[in-house]
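Spelled out, the chains give:
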Amino acid sequence: MKNVCRWYDETSGMKKAYDKGLLDKKWIDHYCFREGINCIRKKRFEQEGYVSPDYVLPDGTVDENLKKAKEEGKF
């Protein structure tokens, strides 16, 4: 049974990237389908109101391929 993070919706950068085939499923399975446990993006948003750029992964690292895809308007 999946416990989907409440922020994993149509506005989620991770969902948009995954749906376009730009993000490995392991990120979604390990963070988004586990209620966002240990997700830096979720923590920063809920604690600081900070919205991470769409190319920042759940562990807080920048994915340069996603960054380039975002700049090119691919998602």
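Quantities reported herein were computed from a predicted structural model and do not represent experimental measurements.

A separate point is the layout of surface pockets. Considering only enclosed or pocket space, the largest pocket measures out at about 340 Å³ in volume. The wall of the largest pocket is formed by 18 residues, among which W7, S12, G13, R41 and F45 lie closest to the centre. Looking at which element gives the most residues to the lining of the largest pocket, the answer is helix α3 (residues 40-48), with 3 residues. Taken together, the residues of the lining of the largest pocket sort by class into 9 nonpolar, 5 polar and 4 charged.

A word on the environment of D29. Take D29: it is sitting in helix α2 (residues 25-32). Looking at D29, the relative accessible area reads 32%, which means it is partly exposed. Through-space distance from the C-alpha of D29 to that of N3 is 10.0 Å; in sequence the pair is 26 residues apart.

The rules behind each value
- Residues numbered from 1 in each chain as written.
- Predicted model: local features only at pLDDT ≥ 70, side-chain atom pairs only at ≥ 80, totals over all residues.
- Heavy atoms only, no water.
- 1 Å grid on protein atoms, 1.4 Å probe; cavity = no way out; pocket = protein on both sides within 12 Å on 5 of 7 lines; lining within 4 Å.
- Points joined across faces, edges and corners; volume = space filled by probe spheres on them.
- Helix = DSSP H or I, 4+ residues; strand = E, 2+ residues; numbered from the N terminus.
- Nonpolar A, V, L, I, M, F, W, Y, C, P; charged D, E, K, R; others polar.
- Buried < 20%, exposed > 50% of the residue type's maximum accessible area, 1.4 Å probe, protein only.

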